[in-house]
Amino acid sequence: MHLVIVGNGVAGITAALAVRAKDAQAEITVISGEGEYFFSRTALMYAFMDQMQRRDLEPYERHVFREKRITLRRGWVTDLDAEGRCLSLADGVAVSYDKLLLATGSRGRRAEWERKLEGVVNFVTLQDLEACERLTPGTKRAVVAGGGLIGVELVECLVHHRVATTFLVREATYWPAALSPEEGEMVVAHIRAQGVDLRLATEVASLEGEGRVNGVVTTAGDKIGCEMVGVTIGVEPNVDWLRGVKTPPELGRGVVTDGGFRTSLPHVFAAGDVAEVNGQIEPLWYAAKRQGAAVARAILGETMEYGAPTYYNSAKFFHLEWTCAGETKGPGRFRKLPGRDASVRVLERDGIVTGFSMLGSRWNHRVLVKWLEERRKTEDVMGRLSEAQYDVEFGRVAL
Amino acid sequence: MIRDRLYHDMTNRGVTGWLMAALLTAFYVVLYFTEALTPWAQRVGLSSKWDLYGVLYTVAIVGGGLAVMRKYGHNRYQVIRTSVVMFVQVVFAFSIPQMLKAMHQPELYLSYFWPLKFDYGNPEYLAQQPMWFIVYSIAGGLVLVPLAGAFFGKRWYCSWVCGCGGLANTFGEPWRHLSDKSTAAWKFEKVSVYSVLGISLALTGILVYSWTTGSKAPVVVEFQSWYGLIVGSVLSGVVGVGLYPLGGTRVWCRFFCPMAALLGITQRAGKRFHIRVKEDMCISCGLCSKYCEMGIDVRAYAQMNESFTRASCVGCGVCSEVCPRGVLRLESESGLVQITVGR
């Protein structure tokens, strides 16, 4: 069997390694236009901050791919012919396959006001990183539009490089999709304390400049002169390249698949951020890794019905760590912890816990998820919260 | 800014990094093999170059320690650990030996043990010391140190008490990320560090034998002086500290220190100290590996959900500190406790 994987991100590489673990014979080829070796996208910010070199971003030493006989091919895929089981690459080469996995991940969502100007960047790909590094020395002020996790990472990098940064957040409170207004306030205060000009309920109305950006006009009518604009209004499945191919798979928001990661095309699978599995997209590192391992089993012939497990996530807003599990929106009990920039929020319905949102200290999401799956009573959980704490030794935060 | 660029250059093997390495190496060569520092010591009222070295060493640990405490001020493990490192240096590795000397007593370092301080396991040397020290040294080196290593991991010594580790974790902090993370370096480490331990044990055995029989062959004297020169001076000083800006701060500890090797064995055998990995939360960013001063590829374990104990781990706790997802936790427990739930 020749398995061809388009995309060498965490879903694609995890799938490649998982297939090899169970099938010593299969020929495995991974195609990527972005870079030759799998790298940790989540560490882009540390590369931008000069804390890591490019090689440090690679989760596996390079010899692993040679030892596991996984062929890495650099190139952009331009065409897909499901009848001929064949891909075409931009350099003119055709690659035939027996099984194909589409794992092209996410791309930065484009804003309506976005124009192709030098100085306007996303922060998702290696090419974005290169652009950011090139632009930073000539940048006195930058504007980052979009208050999600990538936005705050980009802001942290710019602050690290001593670039004056304006951070525009569309919502009236910070990240209401996941944080309560009180938590949002804590995060905003923390980000502002780093010297960031954070403006809530403000968006970019238009960009100024020809050729190179030299400012933005906000929806509040303010003009901000800047040499760099970061567009971080979220990510979306990277499917545009599939629209014009000979035999496109069925596309929804992402590549539509069933619970076994099968697309509408025969022998073609999709997993990771690009896949819309039973109508659901999970744009998370852990989910992509989980899906990569699962799709490997599907490719090897196992019948399966993938279902996303109980949701959990974590993030870091500058120095403020955050862990959540289950639901993050809804009624619950919020408590700011004494003497520290930290809080706990336990969501509940009818006396049963439905979610956790923990800011400023460390938690073991596994314990939280277990409580959720056991449908524990809120009273019970409130009394034993310390069992889920995961702070450093001697550093346990008082609840 | 120029300051940022200079710092980056100095801490990432730039021109200034190489210069710093040359400077540190030159300092150790001058210190160990010449008397050039003696007049400088006398000028500031100290009796020998070694006293001057003691002062500089203590200043480096206290100054670097304060900077580290500022940097990791939010992390109580780091604050407590660094305070202990500074305290041990100031009191046990500097003040007490100086006071003993002032009282015309032998200059004894209570924070060092055999086989790191090789003489403290050499019967010929020990026999000339006060009885309390003989008991302290033998009980400490042969019983207390390994036992505590089995219970709490080698960290209690290597990153809380030891002066070499103390200098690495304070003055050396800006260079900690330069350690080699490759599998090849790990292979070299296993050969080199256990070789030094083997040689050290063999020499100690020979010295004990010579002492009990009351005859010391000239070849033993030569062996001993070579060991002192190569291990005691070149590897721990010139190479160990001189290479800070090129190979990271734990070159000596990782590749050569016989005590670290011994403690590493007890750490593994004790099965209590481990780094716990929170399941399915690692994002493979690699900061843990990058900042591991012992060159352990922590990420390789974290991304596989594997809690682990590595012989070389000195338990400095920085992997846990830098992890942006709070995945890693240092623990001393009985056996590997893993919470496997969910799914």
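Rules behind the numbers
Residues numbered from 1 in each chain as written. Chains lettered and ligands numbered in written order. Predicted model: local features only at pLDDT ≥ 70, side-chain atom pairs only at ≥ 80, totals over all residues. Heavy atoms only, no water. Helix = DSSP H or I, 4+ residues; strand = E, 2+ residues; numbered from the N terminus. Rg over C-alpha atoms; globule rule 2.2 N^0.38 Å. Contact = heavy atoms within 4.5 Å. Areas by Shrake-Rupley, 256 points an atom, 1.4 Å probe, with all protein chains shown as cover. Domains from an automatic or database assignment. Buried area = accessible area lost by both parts, 1.4 Å probe. Salt bridge = Lys/Arg side-chain N within 4 Å of Asp/Glu carboxyl O. Nonpolar A, V, L, I, M, F, W, Y, C, P; charged D, E, K, R; others polar. Buried < 20%, exposed > 50% of the residue type's maximum accessible area, 1.4 Å probe, protein only. Pairing = 2+ DSSP bridges. Axes fitted to C-alpha atoms, helices over the stretch in contact; angles between N-to-C directions. Parallel < 35°, antiparallel > 145°, perpendicular 65-115°, else oblique. Left-handed = near helix turned anticlockwise from the far one by under 90°. Core = buried A, V, L, I, M, F, W, Y, C linked by side-chain atoms within 4.5 Å. Phe/Tyr/Trp six-rings, centres within 6.5 Å; stacked < 30°, edge-to-face > 60°.

A. Quick peek at the overall build of chain A. Within chain A, the secondary structure is distributed over 10 helices and 25 strands. Its C-alpha atoms give chain A a radius of gyration of 22 Å, within 12% of the compact-globule value 21 Å for 399 residues. Taking the principal axes of its C-alpha atoms as reference, chain A extends roughly 65 × 60 × 35 Å. Relative to all contacts within chain A whose residues are 6 or more apart in sequence, the contacts with residues 24 or more apart total 61%. Only carbon and sulfur atoms are counted for the fraction: they give 48% of the accessible area of chain A, which is about 16,300 Å².

B. Up close: the domain arrangement of chain B. Residues and elements named next belong to chain B. Annotation of chain B at the domain level lists domain 1 (2–263) and domain 2 (273–332). Measuring from the centre of the C-alpha atoms in domain 1 to the corresponding centre in domain 2 gives 25 Å. Every contact between the two is made by 27 residues of domain 1 and, on the other side, 23 residues of domain 2. Between domain 1 and domain 2 lies a buried interface of about 2,100 Å² when both sides are counted; carbon and sulfur atoms form 51% of it. For the domain 1 face of the interface with domain 2, the top three residues by lost area are Arg155, Arg176 and Lys181, together amounting to 29%.

C. Representation of the interface of chain A and chain B in the model. Between chain A and chain B, the contact holds 41 residues from the first and 46 residues from the second. Taking both sides of the interface into account, the surface hidden between chain A and chain B amounts to around 3,800 Å²; carbon and sulfur atoms contribute 48%. The largest contributions to the chain A side of the interface with chain B come from A:Arg366, A:Tyr390 and A:Glu393, which together make up 19% of the buried area. Inspection of the chain A/chain B interface yields 5 salt bridges. Breaking the side of chain A that touches chain B down by element, the ones donating at least two residues are α8 (285–299), β21 (312–317), β22 (320–326) and α9 (365–373) of chain A. Taken together, the residues of the side of chain A that touches chain B break down into 15 nonpolar, 11 polar and 15 charged.

D. The arrangement of the pattern of salt bridges in detail. With the rule as written, the count across this model stands at 43 salt bridges over all chains. Residue B:Arg155 is joined to A:Glu393 by a salt bridge in which the shortest nitrogen-to-oxygen separation is 2.7 Å. Residue B:Arg155 is found in helix α8 (residues 155–158), and its partner A:Glu393 is found in the segment after α10 (378–383); the two belong to separate chains. You can call B:Arg155 buried: its relative accessible area is 5%. The exposure class of A:Glu393 is buried, given its relative accessible area of 19%. Note that B:Glu35 is salt-bridged to B:Lys49, the shortest N-O span being 3.2 Å. Note that B:Glu35 is positioned in the loop between α2 (15–33) and α3 (38–43) and B:Lys49 in helix α4 (residues 49–71), a separation of 14 residues in sequence.

E. Geometry of the domain arrangement of chain A. Domain parsing of chain A yields domain 1 (2–107 + 235–299), domain 2 (120–231) and domain 3 (312–388). One C-alpha centre belongs to domain 1 of chain A, the other to domain 3 of chain A; they are set 34 Å apart.

F. Looking closely at the sheet that holds strand β6 (residues 94–96) of chain A. Residues and elements named next belong to chain A. Here 3 strands make up an open sheet; going across it, the order is β4-β5-β6 and the pairing antiparallel. The sheet terminates laterally at β4 (77–81) and β6, the two strands that pair on one side only. The sheet shows a mean angle of 20° between the axes of neighbouring strands, taken without regard to direction. The pairing of β4 with strand β5 (residues 86–89) spans 4 bridges and is antiparallel. Across the sheet, Val77 pairs through a bridge with Leu89, a residue of β5.

G. Here's a closer look at the packing of α4(B) against helix α5 (residues 76–102) of chain B. All names here are of chain B. One way to put it is that α4 packs onto α5 with a least axis distance of 9 Å and a crossing angle of 165°. Here α4 is positioned roughly antiparallel relative to α5, judged by the angle of their axes. You can see that α4 and α5 cross each other, and the crossing is left-handed. For the pair α4 and α5, the contacting residues are Asp51, Gly54, Val55, Tyr57, Thr58, Ile61, Val62, Gly65, Leu66, Val68 and Met69 in the first and Val79, Thr82, Ser83, Val85, Met86, Gln89, Val90, Phe94, Gln98 and Lys101 in the second. Looking at the contact of α4 with α5 residue by residue, the class counts come to 12 nonpolar, 7 polar and 2 charged.

H. Layout of the nonpolar core. Membership of the largest hydrophobic core comes to 191 residues, with the highest contact counts inside it found for A:Tyr174, A:Phe317 and A:Phe356. In terms of residue count, the dominant contributor to this core is α8(A) (9 residues). Contact partners of A:Phe317, with chain neighbours within four places excluded, come to A:Leu149, A:Val152, A:Tyr174, A:Trp175, A:Leu179, A:Val187, A:His190, A:Trp322 and A:Leu359. Among the nonpolar cores identified, the runner-up in size contains 21 residues, and B:Met20, B:Leu31, B:Leu37 and B:Val238 belong to it.

I. Broad picture of the side chain of A:Thr202. All names here are of chain A. Mapping Thr202 onto the fold places it in the loop between β12 (197–199) and β13 (204–208). Since its relative accessible area comes to 7%, Thr202 is described here as buried. Other than its neighbours up to four places away in sequence, Thr202 contacts Leu168, Val169, Arg170, Thr218, Thr219 and Ala220.

J. Geometry of the packing of aromatic side chains. Scanning the entire structure with this criterion turns up 41 aromatic pairs over all chains. Measuring from centroid to centroid gives 5.9 Å for A:Phe394 and B:Tyr77, while their planes differ by 10°, and the two rings are stacked. Residue A:Phe394 is found in the segment after α10, and its partner B:Tyr77 is found in helix α5; the two belong to separate chains. On the basis of relative accessibility, which here comes to 43%, the residue A:Phe394 falls in the partly exposed class. What makes B:Tyr77 buried here is its relative accessible area of 3%. Ring centres 6.1 Å apart and planes at 65° place the aromatic pair B:Phe113 and B:Tyr157 in the edge-to-face group. Within this pair, whereas B:Phe113 is found in the loop between α5 and α6 (123–126), its partner B:Tyr157 is found in helix α8, the two being separated by 44 residues in sequence.

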